[in-house]
Amino acid sequence: MTKTIRIGTRDSELALWQAHTVQRKLEALGYDTELISVKSTGDLILDKPLYELGITGIFTKTLDVAMINGTVDIAVHSMKDVPTKLPQGIIQAAVLERAASEDIFVFRDGKNADDFNAKTTIATGSLRRKAQWLNRYPYHQVVDLRGNVNTRLQKVADNDWTGAIFAKAGLERINLKPENHIVLDWMIPAPAQGAMVIAAMQNDTYSREACAQLNHADSALATYVEREFLSTLEGGCTAPIGAYAEIKENRIYFKGVLFSLDGSEKMEIEESVPVSECRNFGTLCALKILEGGGRALMEAIKKEL
Ligand SMILES: NCc1[nH]cc(CCC(=O)O)c1CC(=O)O
């Protein structure tokens, strides 16, 4: 039986690039595909910080609904935008090989990190980036910045901020290589940053078998550990949390951080286990943070947001 796999995507340049990539890979395996793009709530509301909207899955919801209604078969997402708990009936069909996981700082003009001073203002809409930045540079101002990657770059050009923070993978994918940038190698990325995921309906064997061929085992495992850490810490709210796992010679190396909103408090964990002992590893790391003072910090964050 041949059928056409309808690939759902958001309509930003980055989302379209990601969906096209999946489309090309499926076509190379001999599948018929069609791309269907939708507008997401997360792309329509741009005047408020994401965390203020108080909705999880704001970028993925529209596509979840399209899949459940049967107007698309699969959906391609930046994995870091996908809530850890998927809607009933929707499963993770594949994690593609991860690209760059780092954050980068893009300067508005010809400056470098040596020019940072007490008057520096940087822009980001992410609680995680803001808290980590203020932890390192307590005297800087951080202002909110929303919109897709192209919009945000334009806003950096149009304002008098020193610069803004972006995911390296996002800029690389749409071939934007801002001349004046530095890689923030000290910043812990968002869980699953740089990874793309394909979601499908649990009962759609045809699409699931097609997508399973695109799964990259190490990327799937690393992002699984990071997201397990996230879901155990958060329990459904948003907080400044970073997590990064890497698999080398059959061991998983994990780093996780939780910050207070103003960046003044930081709790971190760094551990490794053999891949054979990966079961609950992310949860165990999160529990250590929670028991070492993270529980109180999470309560304080919930009150403030
Ligand atoms: N939150 C928006 C978003 N979702 C995924 C990416 C980039 C790709 C990725 O991180 O995997 C971005 C842009 C950014 O954070 O600068």
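Residues numbered from 1 in each chain as written. Predicted model: local features only at pLDDT ≥ 70, side-chain atom pairs only at ≥ 80, totals over all residues. Heavy atoms only, no water.

With an unreviewed UniProt entry as reference, the protein chain is termed Hydroxymethylbilane synthase, source organism Leeuwenhoekiella aequorea. If you open the UniProt record of the protein chain and go to Catalytic activity (unreviewed entry), you find "4 porphobilinogen + H2O = hydroxymethylbilane + 4 NH4(+)". Per UniProt, the comment on the protein chain under Cofactor (unreviewed entry) is "dipyrromethane". (UniProt positions renumbered as here; feature names shortened; annotations may be inferred.)

Next up on the list: the pattern of salt bridges. Tallying each qualifying case throughout the model produces 12 salt bridges. As a salt-bridge pair, E226 and R98 come within 2.9 Å of each other at their nearest N and O atoms. Taken together, the residues E226 in helix α9 (residues 217-234) and R98 in the loop between β4 (90-95) and β5 (103-107) connect sequence positions 128 residues apart. Assessed through its relative accessible area of 16%, R98 is described here as buried. Linked through salt bridges whose partners overlap, the residues forming this network are D103, R128 and R129. (Salt bridge = Lys/Arg side-chain N within 4 Å of Asp/Glu carboxyl O. Helix = DSSP H or I, 4+ residues; strand = E, 2+ residues; numbered from the N terminus. Buried < 20%, exposed > 50% of the residue type's maximum accessible area, 1.4 Å probe, protein only.)

Within a regular beta strand, the side chains point alternately toward one face of the sheet and then the other, so they alternate between its two faces. In this structure, strand β11 (residues 241-248) lies alongside strand β12 (residues 251-259), joined through 8 bridges in antiparallel fashion. Paired with A245 across the strands is F254, a residue of β12. Hairpin connection from β11 to β12: 2 residues lie between these consecutive antiparallel strands, with E249 at a positive phi of about 45 degrees. Sheet topology places β12 next to strand β13 (residues 266-274); 9 bridges connect them, and they run antiparallel. (Pairing = 2+ DSSP bridges.)

For the rest of this paragraph, the subject is the nonpolar core. Ranked by internal contacts, the top residues of the largest apolar core, which has 28 residues, are F229, L233, F254 and L258. Going through the elements one at a time, α9, β11, β12, β13 and α10 (281-304) are the ones with two or more residues in this core. Among the elements that make up this core, the one with the highest residue count is α10 (8 residues). (Core = buried A, V, L, I, M, F, W, Y, C linked by side-chain atoms within 4.5 Å.)

Attention now moves to α9. Spanning 18 residues, α9 covers 26 Å between terminal C-alpha atoms, matching the ideal 26 Å at 1.5 Å per step. Taking burial as the measure, the 18 residues of α9 include 13 buried ones, the bulk of the element. Looking one or two residues past α9, G235 carries a phi angle of roughly 50 degrees, positive in sign. (Expected span 1.5 Å × (residues − 1).)

Attention shifts here to the packing of α9 against α10. As a packed pair, α9 and α10 sit with axes 8 Å apart at the nearest point and diverge in direction by 35 degrees. Between α9 and α10 the crossing geometry is right-handed. Listed contacts from α10 to V225, E228, F229, T232, L233 and E234 of α9 are F281, G282, T283, C285, A286, L287, I289, L290, M298 and K302. Of the residues assigned to the contact of α9 with α10, the class counts are 10 nonpolar, 3 polar and 3 charged. (Axes fitted to C-alpha atoms, helices over the stretch in contact; angles between N-to-C directions. Left-handed = near helix turned anticlockwise from the far one by under 90°. Contact = heavy atoms within 4.5 Å. Nonpolar A, V, L, I, M, F, W, Y, C, P; charged D, E, K, R; others polar.)

Our focus in this paragraph is the layout of surface pockets. A probe as big as a water molecule, rolled over the atoms, marks out the empty space that is left. The volume enclosed by the second largest pocket comes to roughly 250 Å³. In this structure, the second largest pocket is lined by 15 residues; those nearest its centre are M79, T84, Q92, Y224 and R227. Contributions of two or more residues to the lining of the second largest pocket are made by β4, β10 (196-201) and α9. Looking at the lining of the second largest pocket, its residues break down into 8 nonpolar, 5 polar and 2 charged. Counting the residues that make up the lining of the second largest pocket, at least three belong to each of domain 1 (4-95 + 195-215) and domain 3 (226-304). (1 Å grid on protein atoms, 1.4 Å probe; cavity = no way out; pocket = protein on both sides within 12 Å on 5 of 7 lines; lining within 4 Å. Points joined across faces, edges and corners; volume = space filled by probe spheres on them. Domains from an automatic or database assignment.)

The next point concerns empty space enclosed by the protein. As enumerated under the stated definition, the model contains 1 cavity of 30 Å³ or more in all. Approximately 50 Å³ is the volume attributed to the largest cavity. As for the largest cavity, its lining consists of T60, D64, H77, V82, P83, K85, L86, P87, I90 and A199. Residue classes in the lining of the largest cavity are distributed as 6 nonpolar, 2 polar and 2 charged.

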